[in-house]
Amino acid sequence: MGTVLNTSVSVVSPVFIGRHDEMASLEAMLGQVQAGKPTFALVGGEAGVGKTRLVTEFSARAAGAGFLVLTGQCVEFGAEGLPLAPLVDALRALSRSLPPEALAGVLGPAGPGLARLLPELAPAVGAAHEAGGAGGLAGGDMQKAQLLEMVLGLLTRLSVTQPVLFGIEDLHWADQSTLDLTAFLVRSLREARVLVLATYRSDELQRRHPLRPLLAGWDRMRSAEHIELRRFDQDEVSAQLAAILDSAPAPEVAEAVFDRSGGNAYLVEELAVAPRGGGNLLGLPPLLKDVLLSRMDALSADARLLLRAASACFGRTVPDRLLAEVAGIGDSEFFAGLREVVDNHLLLVDPQGHSYAFRHALTRDAVYEDMLPGERVRLHAAYGEALARDATLAGDGVAAVPSALAHHWYAALDLPRALPSVIDAASCAMASYAPAEALGHLERAQRIWPRVADAHQRTGLDEAEVSRLAAEAAYQCGALDRSKSLLASALAALPASFDPARRALLLERYAVTQRDAGWPAGAVATLREAQALLPEGQASRAHAVVLATLASALTRSSELEESVLVARRAVAVADAAGAADVEADATITLGVAISYLGPAEAGIGPLHSGVALALELGIPATAVRGYINLSDVLELLGRHREAARTAAEGLELAARAGLSRALGAYLIGNQAESLLRLGEWAEADELTARAMRTLPEGVFGATLQELRAELYALRGQYDAAAHELRDARRAIGATSELQYIQPMRYVDALIGLGQGDLGAAREAVAAGLAGAPLSWEARYAWPLLWAGLRVAADEATRFRDRLEPVPADLMRRCADLAAAADQLVAPAAPWLAFRALVAAEQARAAGAAGTQAWRAAVVAWQDTEEPHLLAYALLRLAEAHSQAGDREQAAQAVQRAYEIADRLGAAPLAEEAAALARRARLSLEPAMDTAAGAGAAAAQPPPPDELARFGLTEREREVLTQLATGRSNREIGRVLFISTKTASVHVSNILAKLGVRGRVEAATVAHRLGVYGPAAPARPG
Ligand SMILES: Nc1ncnc2c1ncn2[C@@H]1O[C@H](COP(=O)(O)OP(=O)(O)OP(=O)(O)O)[C@@H](O)[C@H]1O
Ligand SMILES: [Mg+2]
């Protein structure tokens, strides 16, 4: 078929008019992006005002500045049309701009997934597949979250070699998936050199338009730039006219055009050419629509027919063969008409030469809306017939044929033919990661269904199946409630006598929504009902699926024994039924249940084999789930190194499969937790910081922030710790899950202890333990119990230091905490070590902590790979030795505590160790620069009347202050200008008044009561 070329003068101004400020701010963003700061810009404005022109002009400048420009266009009918159209456009532009080798490289692991959106990519993906070997993983269980991540990864990789401008035109028409993608990119691009530039029509946003809430959110973001394009003023309109007409317009013409167009660039163009067609500018009709349509009046009947036919096409452009088919006129009339509309600048020829688009959507809308309803219906039916007969008529748009058919048959009011196409379109949308659009199609199918008598024959489905498909789409959109009610209607649509396996599987899906909505007990009940439907003793896939989900729901509701039994059966049934994927999943659940039921080691085997099976089957989501649980159980067993390694392995897989954000975030949390325990703090810090930069929402982020808070607290950065905790709490919201509540309370307690606020620490522990059953979540309760006893011991010691009786309720609290600890299981070395620590603190609280209890704690922590609490136990051991007068042992222990704390960067512990060494006159290698420690402590003024109670004289206080730094009588004398003898008399009096036996003890009491000696002069260097 021939091509019509545009030969006449343009109606478009070749000169770019005005927009200096807008262009300047956009160009400033180029610099920003080049410097590594991803940027998001929005250009809004009424239809025809000049958004596209501005962006086109700017894109050329960006390309000149070395940017890779990828632009995509949202199409009207987005919601029922081809999902993710702008992404597909951008991918197409990319595939055409890079040689296959380079393309394969940047697509990387995202290749197979993205090739599903744009089959053109497939050859390059083949190459990547051979090179990278990750292709097989992007199998059937790919989901929207993965797509988002793949696009992010792709942009990030692209931007390494070249900054990228990703343009998204006409966001007001975007489908939900495109909106999700845009919002996701805006949120997640953190370090890539990418500029996302979106346009939208501000006059199209009716009150409930889905773009509105996004815009409101973006406007609150500091990093988003929002440009609102205004209309041209009179001078600008004159300049535009002059450029179009190639000569300055007469003043009255310029004024009339300004008047009629209101400064809208598109109307200026239309008005500028109207008189050329012989019309009289001043006699033009008053309505915008009529201005646009008036240009049709001069056309031949064939040309008008072509325009009307083109206005009903699906998507932005219509291939010439398809248009000819639909118009149904002879070749010569067709080409003559086409030439006419192109010469009149109504349709434009696509650069490829075989399809046509309206010069502007405004005209298209005017033409479409001007038709009589019957004519529209006829045209849509003609499109439907043509495409149904020969899909290749769609040219480039062949992938969109199911969506196009769904659209045309529906608009043609041909419901019987619309129904199967709508369902086809839904399954295409599911396959291209657009569950929201799939849901839209399926809901339409549900509405049409009752009006199509032979719906079942036409679709091969029944109503319940359509509801089930819709429920699946809703589930993948995260709309749990919607999914649940769709499943309820699917169940209602099944006659009671009907195929019990089908009913059971529907109930299983229903239970999954219950489980995920945080109601595992409800899920268990539903699954029992499903189980009852299936014939006993028969192994089927349905059986296996129901049992596997039941096992997982039982674990979630802490019915572990039952869960183990059910998971075992699920594995056996899945095996017998040949449902290997279900077998992998159930094996993992079995491992989890066994581990938490105990002994935890026994679960490791099943977890390993579940992961291995999932890997073999190429179902990455299941394998990643296995890695998460495996690393968690290893951590529970105190096998931190293995746990960290396993989590890292899982992360690698998750990244290849595009799952790093959703499931991968758990793995990062697990890995960071293990690293923290291992004392690899710098690594834990880096890992969590990196993840926080690119990640995640809600509970995913909160887990990481909680770990960061603990890390800060252990390093003595209490404000930063409190800050992270605040953010974590905000992200989590109300929760009753101990795995979140208890670790956060523990960090609260560490902060209280570190800041000397024992009351706050005590309350944090109480809040963390309140109402918590002492179950398998023991791992979170142990640290809290220890912190509680440590607080109590500190409080009791303070009473003794002040020579006051220890209140009975304090001793009672100690006993309660110790009794709770007795109830807790200690499944591995770290928990046994906590037990030893708890016993030693209890003894300290009773004023009876000898060296033995602390030595036992030291030995227990030596059995673990956790250095931090080993250092703590060593410090207390040193203190006990020093109290017992064993200087040598004290020196050894304090030295070890100090070394470990120093290596970890545990500043509070290191300072404690140094202070102990100082006042007990123990040597420390290398000698610590104590200025920092003493300075930090002195920042909180010592409570002045703490010493008043002992009736010390002014002079005695001075001596005690010196004593507290570990000075000898001779040194004290020298500093205070008194004789050694006098100093010694003062010291004896002080010991008597403080009720202590020796000078080290006096120094310790003074230290605990907040008396700090003058800081030692900082060592040079
Ligand atoms: N600054 C400008 N200089 C010259 N011509 C312009 C300028 N701005 C817009 N135009 C012309 O006006 C017409 C309409 O502009 P454009 O297509 O950019 O509008 P739009 O805001 O993108 O409209 P829509 O919302 O319909 O997409 C185009 O033909 C364009 O070339
Ligand atoms: Mg535009």
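Please read all numbers here as calculations on a predicted model, not as lab measurements. (Residues numbered from 1 in each chain as written. Chains lettered and ligands numbered in written order. Predicted model: local features only at pLDDT ≥ 70, side-chain atom pairs only at ≥ 80, totals over all residues. Heavy atoms only, no water.)

## Thoughts on the sheet that holds strand E8 (residues 355-358)
The antiparallel open sheet is built from 3 strands, whose spatial order is E6-E8-E7. Of all strands in the sheet, those bounded by a partner on one side alone are strand E6 (317-319) and strand E7 (347-349). Between one strand axis and the next, the sheet turns through 30° on average, direction left out of account. The sheet contacts of helix H14 (residues 301-311) involve E6, E7 and E8, and relative to E8 the element is tilted by about 85°. (Pairing = 2+ DSSP bridges. Helix = DSSP H or I, 4+ residues; strand = E, 2+ residues; numbered from the N terminus. Axes fitted to C-alpha atoms, helices over the stretch in contact; angles between N-to-C directions. Contact = heavy atoms within 4.5 Å.)

## Side note on empty space enclosed by the protein
Using a probe with the size of a water molecule, rolled over the atoms, empty space left in the structure can be pinpointed. One pass over the full model with this rule turns up 3 cavities of 30 Å³ or more. The volume enclosed by the largest cavity comes to roughly 70 Å³. Together, Leu-70, Leu-87, Ala-90, Leu-91, Val-151, Leu-154, Leu-155, Leu-158 and Phe-166 line the largest cavity. For the lining of the largest cavity, the secondary structure elements donating two or more residues are helix H3 (85-97) and helix H7 (144-161). Of the residues forming the lining of the largest cavity, the biggest block, 4 residues, is contributed by H7. Classifying every residue of the lining of the largest cavity gives 9 nonpolar, no polar and no charged. Roughly 50 Å³ of internal volume is contained in the second largest cavity. Lining the second largest cavity, in full, are Arg-468, Ala-471, Glu-472, Tyr-475, Ser-483, Leu-487, Arg-509 and Thr-513. Broken down by secondary-structure element, the contributors of at least two residues to the lining of the second largest cavity are helix H23 (463-476), helix H24 (480-493) and helix H25 (500-516). The greatest single-element share of the lining of the second largest cavity, amounting to 4 residues, is contributed by H23. (1 Å grid on protein atoms, 1.4 Å probe; cavity = no way out; pocket = protein on both sides within 12 Å on 5 of 7 lines; lining within 4 Å. Points joined across faces, edges and corners; volume = space filled by probe spheres on them. Nonpolar A, V, L, I, M, F, W, Y, C, P; charged D, E, K, R; others polar.)

## Side note on the confidence of the model for the protein
On average, the protein scores 86 in pLDDT, and the residues at 70 or more come to 91%. Note that residues 127-141 has pLDDT below 50 and, in this model, 19 contacts with residues that lie over four places away or in other chains. Taken as a whole, residues 1015-1021 scores under 50 in pLDDT and shows 7 contacts with residues more than four places along the chain or in a different chain. (pLDDT = per-residue confidence, 0-100.)

## A closer look at the pairing of strand E3 (residues 164-169)
Most of E3 sits out of view: 6 of its 6 residues are buried. Residue alternation in E3 divides its side chains into two sets, Val-164, Phe-166 and Ile-168 and Leu-165, Gly-167 and Glu-169, and both sets are buried. As paired elements, strand E2 (residues 68-73) and E3 share 6 bridges and run parallel to each other. Its bridge partner being in E3, Gln-73 is matched across the sheet by Glu-169. Here 5 bridges tie E3 to strand E4 (residues 194-201), and the two strands are oriented parallel to one another. Looking across to E4, one finds that Ile-168 is bridged to Ala-198. Following the chain from E3 across helix H8 (residues 176-188) to the adjacent parallel E4, one finds a crossover that is right-handed. (Buried < 20%, exposed > 50% of the residue type's maximum accessible area, 1.4 Å probe, protein only. Right-handed = clockwise from strand over helix to strand, strands pointing away.)

## Topic: the side chain of Arg-919
Here Arg-919 lies in helix H45 (residues 907-919). No salt bridge is formed by the buried Arg-919; its nearest oppositely charged neighbour, Glu-879, is found at 4.2 Å. Here the side chain of Arg-919 touches His-1007 through a polar contact of 3.5 Å, side chain to side chain. Excluding residues within four positions of it along the chain, Arg-919 makes contact with Glu-879, Ala-964, Thr-965, Gly-966, Val-1000, Ala-1003, Thr-1004 and His-1007. (Lys, Arg positive; Asp, Glu negative; His and termini not counted. Salt bridge = Lys/Arg side-chain N within 4 Å of Asp/Glu carboxyl O. Polar contact = N/O pair within 3.5 Å; in protein donor to acceptor, adjacent residues only side chain to side chain.)

## Looking at the pattern of salt bridges
For the coordinates displayed, the defined rule picks out 47 salt bridges. The partner of Glu-673 in a salt bridge is Arg-779, and the shortest N-O contact between them spans 4.0 Å. Here the residue Glu-673 occupies a position in helix H33 (residues 662-678), and Arg-779 occupies one in helix H39 (residues 778-801), the gap between them amounting to 106 residues. On the basis of relative accessibility, which here comes to 5%, the residue Arg-779 falls in the buried class. Among the ionic pairs, Arg-708 bridges to Asp-685, the shortest N-O distance being 2.9 Å. Pair noted here: Arg-708 is in helix H35 (residues 698-715) and Asp-685 is in helix H34 (residues 681-694), with a separation of 23 residues, a long-range link. The class of Arg-708 is buried, set by a relative accessible area of 10%. Via salt bridges that share partners, Asp-794, Glu-841, Arg-844, Arg-876 and Glu-879 belong to a single interconnected network.

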